[in-house]
Amino acid sequence: MRRLKLILVLGGALALLASVGVAWATTGATTGYPQPKVVVPSQTQAPFENRYVLTAVGSGAGIRSGEMKFEFEEGSSPQFLVGISQFYTYSPTGEIETALFTFYPPKELPNGKGLGFTALKVGASAQYGQVTPDGELQLFTPEGDKVKGQLRLRGGGPWPVEFKVLGEDERYTASPPAARQIHEAQPNNPGWGGEASEYEGEYELTNGAEDPTAKAGTLGAVIGVAQGLGVRGAVVSSGSMTVEGNPAVATVELETGGTNRTFTLTDLAWQGDQRVAQVHNEGPDSPPVGRFEGTGGQGEVKGDLISGHSVYKVAFKLKG
């Protein structure tokens, strides 16, 4: 039954893809997507049921152009949106490659800001079940035929994105036009403050919450990983951070989903209240697996610690 459901989901994704990048059909049925556990009112989702072309994207994403479509799952009750995209990305050698993603399930962003979706990468051998979580797409409330948002992929981002809503008769004979590249100023001051005494030392986690996986038995770790893929990030129950050295390195200990995790942060940088760093899973000399992005000052640091496909929302305060 599980394999059948996966095949149905993949079939729906590919059918919707055909309606986006190949035939530009005005309809395209999707089938097999299970009902999301979190219900988003259909009137909240309805403004996003459109075809889109990417008009601008953060330069760090390495995306040349793209197009996507969102439509309601056929026969769903309550209704929910499913999306598909086709991005043209730059390979490490500068060649153009095609990256396919489905966006599911929809989740309402805080304060009615818009919708968020897990980005599921559709591999070249999708018919064999090659669909994996690879990031997140957030779409903010539409303004006319323009929709802004942010995108995380491959452990990177978030990058700003802007889309134009396409009319029923708008189509392209080949690939969509190149999107404008948004070049963002990155913090480049070393460390996390003007003076090492401002940020070096032992920190305590201040946003710890009750572990929702504590009573899940052997499934606790799996549930914890799944949470990390969501819009709000994984629930962190406890943790600490130590910042020391020259250049400064941060060691972060987190407990989430009943599992203790250790991360090393290098290349600490700041600009104003912005704080960024590279994230490593196995010490400062291991390859980076993600990025920390947040704010800080006056003995506090908070933000998103991104490791692979997981996001941990953390807030630390310098002790004493």
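Conventions and cut-offs
Residues numbered from 1 in each chain as written. Predicted model: local features only at pLDDT ≥ 70, side-chain atom pairs only at ≥ 80, totals over all residues. Heavy atoms only, no water. Helix = DSSP H or I, 4+ residues; strand = E, 2+ residues; numbered from the N terminus. Contact = heavy atoms within 4.5 Å. Polar contact = N/O pair within 3.5 Å; in protein donor to acceptor, adjacent residues only side chain to side chain. Salt bridge = Lys/Arg side-chain N within 4 Å of Asp/Glu carboxyl O. Buried < 20%, exposed > 50% of the residue type's maximum accessible area, 1.4 Å probe, protein only. Phe/Tyr/Trp six-rings, centres within 6.5 Å; stacked < 30°, edge-to-face > 60°.

## Some details on the environment of D304
Relative to the helices and strands, D304 is located in strand β17 (residues 300-307). Along the backbone, D304 and G294 are ten residues apart, and their C-alpha atoms lie at a distance of 6.2 Å. If we ignore the near neighbours within four places in the chain, the residues touching D304 are R152, R291, F292, E293, V311, Y312 and K313. In terms of polar contacts, D304 uses its side chain to reach the side chain of K313, at 3.0 Å.

## Observations concerning the pattern of salt bridges
Counting across every chain of the model gives eight salt bridges. A salt bridge links E136 to R152; the nearest nitrogen and oxygen atoms lie 3.9 Å apart. Here E136, found in strand β6 (residues 131-140), pairs with R152, found in strand β7 (residues 146-153); they are 16 residues apart in sequence, far enough to count as distant. Note on E136: relative accessible area 6%, which makes it buried. Taking the relative accessible area as the measure of exposure, R152 reaches 8% and is therefore buried. E162 is paired through a salt bridge with R180; the nearest N and O atoms lie 3.3 Å apart. Taken together, the positions of E162 in strand β8 (residues 156-165) and R180 in strand β9 (residues 180-182) put the pair 18 residues apart, joining distant regions of the chain.

## Considerations on the environment of L139
Here L139 is to be found in strand β6. Relative accessible area serves as the criterion here: at 0%, L139 is assigned to the buried category. As a C-alpha pair, L139 and L151 span twelve residues in sequence and 8.8 Å in three-dimensional space. Not counting the four nearest positions on each side in its chain, L139 is found in contact with F48, M68, F70, L109, K113, G114, L115, F117, V147, K148, G149 and F163.

## What to know about the packing of aromatic side chains
In total, this model carries eight aromatic pairs according to the counting rule given. Relative to F292, the ring of W192 has its centre 5.6 Å away and its plane inclined at 50°; by these criteria the two rings are tilted. In this pair, W192 is assigned in the loop between β10 (189-190) and β11 (201-205) and F292 in strand β16 (residues 288-297), connecting sequence segments 100 residues apart. By the burial criterion, W192 is buried, and F292 matches it. The interplanar angle of 50° and the centroid separation of 5.6 Å between the aromatic rings of F263 and Y312 together place this pair among those described as tilted. With a gap of 49 residues between them, F263 in strand β14 (residues 259-271) and Y312 in strand β18 (residues 310-318) connect regions that are remote in the sequence.

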